Amino acid sequence: TTMPEEDDSYIQQDFDNDDKQDEKNQLTMTNSIRYRGRVAYDGNGFAGFQYQSKTKRTVQGELEAVLSRRFNRTVRVLGAGRTDSGVHARGQAFHFDLPLELLQSSGDNS
């Protein structure tokens, strides 16, 4: 008897999807600047770091709101970690990307 062939097309599909995402990430990275930040906060009054919904106040939500107002565009923040509701943090790292044309149009080279 012979063994049935295994269908590994899903593996190739995953690789194809990864390649497409890598290309998209590379394009984004070449057209933007990544900024790193660190934040300290008293967790009282926050539902944790990670964005949950518009009805819950989170650290990520507050950072995104402030940065979006500052740069007059939607800014997404990615945290290096998360905290639960009410948990304090000191030195929590995050990053966000801004398009190069924003920097070039402002004339600010800092």
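Nothing here was measured: the structure is a model prediction, and the numbers come from that model. (Residues numbered from 1 in each chain as written. Predicted model: local features only at pLDDT ≥ 70, side-chain atom pairs only at ≥ 80, totals over all residues. Heavy atoms only, no water.)

Can you help me understand the overall build of the protein chain in this one?
Looking only at helices and strands, the protein chain features three helices and three strands. Out of the 110 residues belonging to the protein chain, those deemed buried represent 25%. Considering only contacts in the protein chain between residues 6 or more positions apart, those separated by 24 or more positions represent 59%. As displayed, the protein chain offers around 8700 Å² of accessible surface, 48% of which is attributable to carbon and sulfur atoms. (Helix = DSSP H or I, 4+ residues; strand = E, 2+ residues; numbered from the N terminus. Buried < 20%, exposed > 50% of the residue type's maximum accessible area, 1.4 Å probe, protein only. Contact = heavy atoms within 4.5 Å. Areas by Shrake-Rupley, 256 points an atom, 1.4 Å probe, with all protein chains shown as cover.)

It is not clear to me how the packing of aromatic side chains should be interpreted in this structure. Could you clarify?
The relative placement of two aromatic rings is captured by the distance of their centres and the angle of their planes. Within this structure, the stated rule accounts for four aromatic pairs. Between Tyr-35 and Phe-96, the aromatic rings sit 5.4 Å apart at their centres with planes inclined by 20°, giving stacked as the arrangement. Here Tyr-35 is found in strand β1 (residues 32-41), whereas its partner Phe-96 is found in strand β3 (residues 89-99), with 61 residues between them in sequence. The rings of Tyr-35, Phe-71, Phe-94 and Phe-96 are connected pair by pair, giving a single aromatic cluster. (Phe/Tyr/Trp six-rings, centres within 6.5 Å; stacked < 30°, edge-to-face > 60°.)

What is the right way to look at the pattern of salt bridges in this model?
Pairs can form between side chains of opposite charge once their charged atoms are near each other. If you walk through the whole model with that rule in mind, you get three salt bridges. Among the salt bridges present, the one from Arg-57 reaches Glu-62, with a minimum N-O distance of 3.4 Å. (Salt bridge = Lys/Arg side-chain N within 4 Å of Asp/Glu carboxyl O.)

Would you mind going over the side chain of Gln-60 with me for this structure?
If you trace the backbone, Gln-60 turns up in helix α2 (residues 59-71). Here Gln-60 falls in the buried class, since its relative accessible area comes to 11%. A distance of 2.8 Å separates a polar atom in the side chain of Gln-60 from the backbone nitrogen of Tyr-51. Ignoring sequence-local partners within four residues, the contact set of Gln-60 consists of Phe-49, Gln-50, Tyr-51 and Val-77. (Polar contact = N/O pair within 3.5 Å; in protein donor to acceptor, adjacent residues only side chain to side chain.)

Is there a simple way to explain α2 in this structure?
The α-helix advances 3.6 residues per turn, and as a result positions three or four apart in sequence lie on the same side. In this model, α2 (13 residues) spans 18 Å end to end at C-alpha, consistent with the 18 Å of a helix rising 1.5 Å per residue. Within α2, the full set of buried residues consists of Val-59, Gln-60, Gly-61, Leu-63, Glu-64, Leu-67 and Ser-68. Here the buried face of α2 lies against β1 and β3. Put simply, Thr-58 is the residue that caps the front of α2, since its side-chain oxygen is 3.0 Å from the backbone nitrogen of Gly-61. Asn-72 sits one or two positions beyond α2 and adopts a positive phi of about 55°. (Expected span 1.5 Å × (residues − 1).)

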